[in-house]
Each structure stands twice: as C-alpha cells, then as structure tokens.
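# Inside the fold
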Amino acid sequence: APDEVEAFLAARDKYGIPVRAGGWFYTLGRDEALFEHNLEIGRELGSVVHNTQIMATHAEGRPVTDTEVVDAYMRFSEIGERYGVTPCFEVHVNMWSEDFRRVAVVGQAVEKEGAIFHMTLDHSHVIFKIDNPAEQDISGIREDVEAGRLVLDPAAGNDVCSQWIDAGWIRHCHARTAIPNNPKNTAAHDDDG
C-alpha cells in the first residue's frame, strides 16, 4: 500500500533484505498508469515479480473480455521488462480469473503472441470452491464442475492447478491453508445478514 512504502524501504535498508514480490489489484481502463507506478516502486524495493490482480469488471462497468486481459498482459509485460519486474496475473476471487476456465484461454492466447504467460497460483481460491455449489455459481463454473469438464480437486488428476503447473505458467505462488467448501465467515455479517 502507498502508505507502507517508506517503512518497507527502511526495513530493506536496515536488514539488507529486498522485498522480492509485491502486488496490487487493477481495473482495466483506469489503472494502467498505477501499474507502471507500482512497478517503479517494486524495482526500488528489489522485487522480481509483481502479483497482478485484474478485476473482473472494466472501468466502463462491464465484464472484462479475455482479449482485454491478453492485451493488458502484453502491455504490462513490456513495462515489466523495462523495470526488471515480472507481472504475474493471479488466480483470485473477484477477478477475471475466478472463472478458472478463462486462465488457459488467456495463457494460450499470450503464447500465440510469442510471449511467456506468467501467473500467480493461489490454490486456496480453487480449493474452497470444491464441493461448494454456491461459490461455483458465483464464477459460473458449477455446470462444468458437475459434468466433470472442470476438475478442481488436485488429488483427482487433470485438475486446473495441475494443468497450469504443467503448462509452465506458475512464476509465483501463495501458500495458504484451505479446505473444500470452506465454512462461511458468519462473524463478518451482522444480524441483518
């Protein structure tokens, strides 16, 4: 966060340990300049990757298209080369990638452009949708999961995480604990829902 940069720089200087990865979330059609600014900061902190979350909704208020995500990836990668910081598009809820089927479409399109697709794998966003029809409905994947066209469980084989790993797209990852059909966070809601 912008208000934390000075503290991170001071800690880096005091301990001699660079901040190898940072990240932020971006709305296409609005935050392209912010992305470059954040890569500038990342370079200063010593980052090698930038966890890049692309919001599901464009600044115009409509869903982002796969083509827009590919175009953003290509532009962001060029910016990343200038700063020596690799953008990694994250699989995350509330982002374009919450519909996991889109990740391979975008990754393959990036490769057709002659680039390497780098992504951040946060498997917890996949795991908690296992056996969770309500969450599957949010991202529109329930029918494909029930039909076996989309496999979420990494123990089942041919699952989405393994496909992304086998494609060589994972450059950064998060290690989080997660369980299928995670219990709802009832403490986050008041009595009125």
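Notes on the structure follow. Quantities reported herein were computed from a predicted structural model and do not represent experimental measurements.

Where helix α1 (residues 5-15) contacts helix α2 (residues 32-45), the axes come no closer than 10 Å and their chain directions differ by 20°. Relative to α2, the element α1 lies roughly parallel. Residues V5, F8, L9 and R12 of α1 lie in contact with α2, whose contacting residues are I41, E44 and L45. Of the residues in the contact of α1 with α2, the class split is five nonpolar, no polar and two charged.

Topologically, H174 is positioned in strand β5 (residues 170-174). Owing to a relative accessible area of 17%, H174 belongs among the buried residues under this scheme. With 171 residues separating them in the primary sequence, H174 and D3 have C-alpha atoms 23 Å apart. With sequence-adjacent residues up to four places away left out, H174 is seen in contact with N51, E90, T120, L121, D122 and H123.

Quick look at unusual backbone geometry now. You will see that D131, though not glycine, has its phi angle at about 55°, which is positive. With respect to the helices and strands, D131 occurs in the loop between α5 (124-127) and α6 (133-138). In this structure, N158 is a non-glycine residue whose phi angle is positive, near 55°. Within the element layout of this structure, N158 appears in the loop between α7 (142-147) and α8 (160-166). N158 sits in the exposed class, given a relative accessible area of 59%.

A few words on the sheet that holds β5. Strand order in the open sheet formed by five strands is β1-β2-β3-β4-β5, with parallel pairing between adjacent strands. The outermost strands of the open sheet, each flanked by one partner alone, are β1 (21-26) and β5. On average, each strand axis in the sheet is tilted by 30° relative to the strand beside it, whichever way the strands run. Pairing analysis gives six bridges linking β1 to strand β2 (residues 49-54), with the strands arranged parallel. What sits directly across from A21, in β2, is V49.

Cut-offs used in this document
Chains are numbered independently. Their residues run from 1 in the order of the written sequence. This being a predicted model, a pLDDT of at least 70 is required before a residue's local features are given, and a value of 80 or more before pairs of side-chain atoms are given or counted; all residues contribute to the totals for chains, interfaces and linings. Excluded from the side-chain calculation are hydrogens and water; included are all heavy atoms of the structure. With axes taken as lines fitted to C-alpha atoms, and helix axes fitted only over the stretch in contact, angles between N-to-C directions fall between 0 and 180 degrees. Under the DSSP-based scheme used, a helix requires at least four consecutive residues in state H or I and a strand at least two consecutive residues in state E, with every element numbered from the N terminus. An angle below 35 degrees is read as roughly parallel, one above 145 as roughly antiparallel, one from 65 to 115 as roughly perpendicular, and any other as oblique. Any two residues having at least one pair of non-hydrogen atoms within 4.5 Å are treated as being in contact. Residues are grouped as follows: Ala, Val, Leu, Ile, Met, Phe, Trp, Tyr, Cys and Pro are nonpolar; Asp, Glu, Lys and Arg are charged; every other residue, Gly included, is polar. For every residue, the accessible area (1.4 Å probe, protein chains only) is compared with the maximum for its type, and the residue is labelled buried under 20%, exposed over 50%, or partly exposed between those bounds. Two strands form a pair only when DSSP identifies at least two bridges running between them.

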